[in-house]
Amino acid sequence: MSQTLDRPRLPSKRSLAEGEGWSVADILCQAGPEDRPFEERHGAVSISVVAAGSFDYRTDSGHGLMHPGSFLLGNAGACFQCGHSHGRGDRCLALSFAPDVFAEIAASHAGSARYRFKAAMLPSHRRLGHAVWGLESLLHGRDAMQAEQQVFAIAETVLRHIDAGAESTVAPSVQDQRRIGRALRHIEAEAHRALDLTELASVAAMSKYHFLRQFRRITGATPYDYLIGLRLRRAAARLAAERAPVAAIAYDSGFGDLSTFNGAFRAAYGLAPGAFRRRHGVARQPA
């Protein structure tokens, strides 16, 4: 049922971890095309990773099409709107910093305690896999010291990559954003199987060339790199949370052979899958 204009469909929020000057929350939104965007406000500096779904985000520093693996950036006090014109629902892991805490981090890693984000988002990229995993790992109940270290490491990683990502955040037409949004949701739902450009361009109702060009413009990655990054993030989450064999996780995630998976995983996370599980795994193998 559609929401009335005076009763917007508000997202649900679950606290995951918090400390002095920072917090992390799991935010689930069920809004869809029939819901009109409404204005919200960042009460703190916000760095959120999109875990599922895609949506339009507009704030003082720009706008972009958010997608799994991308980072939503918000300046403290800035107003923003999120829209779901091309699909229903999304899930984000939201990291918030008190302005004075973020100022200290920015002074060390961006050169100014008065730093403000100049872009609305940071597109997904395999080089950001550690930061995405770091935020998702807080879902698994890390201890207080480990969680706090991870939180600061995520902010540092985003600040190191923000300038490169900002070049890709200029939004194409609304129609092209909607079409790429359909393709992103299709990839998210079908990442476990073989996909090709013909299928993805058809879902987006674009020629292959136009699809490639606009996909890279919106996400900062080629469709192939985006797909591999999504598969690797899912595999990393399973390696840390489950006891399933590495090979089974690789095949379930969409990789056709174990050697390809091992090489891609090591390149993205700096560890072989087995070593990653030993370091980060919550579900330990029995002795």
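Scroll up a little and you will see the structure.
Note that the structure is a prediction, hence the values are computed from the model and not measured. (Residues numbered from 1 in each chain as written. Predicted model: local features only at pLDDT ≥ 70, side-chain atom pairs only at ≥ 80, totals over all residues. Heavy atoms only, no water.)

Undergrad: So what's going on with the sheet that holds strand E8 (residues 79–83)? Which residues, and what values?
TA: Spatial ordering of the open sheet is given by E3-E8-E5-E6, a layout of four strands whose pairing is antiparallel. Only two strands of the sheet have a single partner each, and these edge strands are strand E3 (40–41) and strand E6 (62–66). Relative to E8, strand E5 (residues 55–59) runs antiparallel, the two being bridged by four bridges. Within E8, the position partnered with Arg-58 by the bridge is Gln-81. (Pairing = 2+ DSSP bridges. Helix = DSSP H or I, 4+ residues; strand = E, 2+ residues; numbered from the N terminus.)

Undergrad: Describe the nonpolar core, listing the residues and the values that go with them.
TA: Of all hydrophobic cores here, the largest spans 28 residues; its most connected members are Ile-47, Phe-71, Phe-97, Phe-102 and Phe-117. Listed by contribution, the elements that provide at least two residues to this core are strand E1 (12–19), strand E2 (22–29), strand E4 (45–53), strand E7 (71–74), strand E9 (90–97), helix H1 (99–109) and helix H3 (144–166). Not counting the four nearest positions on each side in its chain, Phe-117 is found in contact with Val-45, Ser-46, Ile-47, Ser-61, Leu-73, Gly-74, Asn-75, Phe-102 and Leu-159. Core analysis: the next-biggest nonpolar cluster, separate from the first, contains 18 residues, Ile-180, Leu-184, Met-206 and Tyr-226 among them. (Core = buried A, V, L, I, M, F, W, Y, C linked by side-chain atoms within 4.5 Å. Buried < 20%, exposed > 50% of the residue type's maximum accessible area, 1.4 Å probe, protein only. Contact = heavy atoms within 4.5 Å.)

Undergrad: Help me get a handle on the packing of helix H8 (residues 246–253) against helix H9 (residues 258–269), residues and values and all.
TA: Relative to each other, H8 and H9 sit at 90 degrees, their axes nearing to 10 Å. If you check the angle between H8 and H9, you find them roughly perpendicular. Across the interface between the two elements, Val-246, Ala-247, Ala-250 and Tyr-251 from H8 touch Leu-258, Phe-261 and Asn-262 from H9. (Axes fitted to C-alpha atoms, helices over the stretch in contact; angles between N-to-C directions. Parallel < 35°, antiparallel > 145°, perpendicular 65-115°, else oblique.)

Undergrad: Tell me what's going on with the sheet that holds strand E10 (residues 121–122), and back it up with residues and numbers.
TA: One open sheet holds the six strands; their spatial order is E1-E2-E9-E4-E7-E10, and the pairing between them is antiparallel. At either end of the open sheet lies a strand with only one pairing partner, and these are E1 and E10. Sheet analysis places E1 next to E2, joined by seven bridges and oriented antiparallel. Each bridged residue has a counterpart across the sheet, and for Gly-19 the counterpart in E2 is Trp-22. Here H1 sits on the sheet in contact with E4 and E9, set at roughly 85 degrees to E9.

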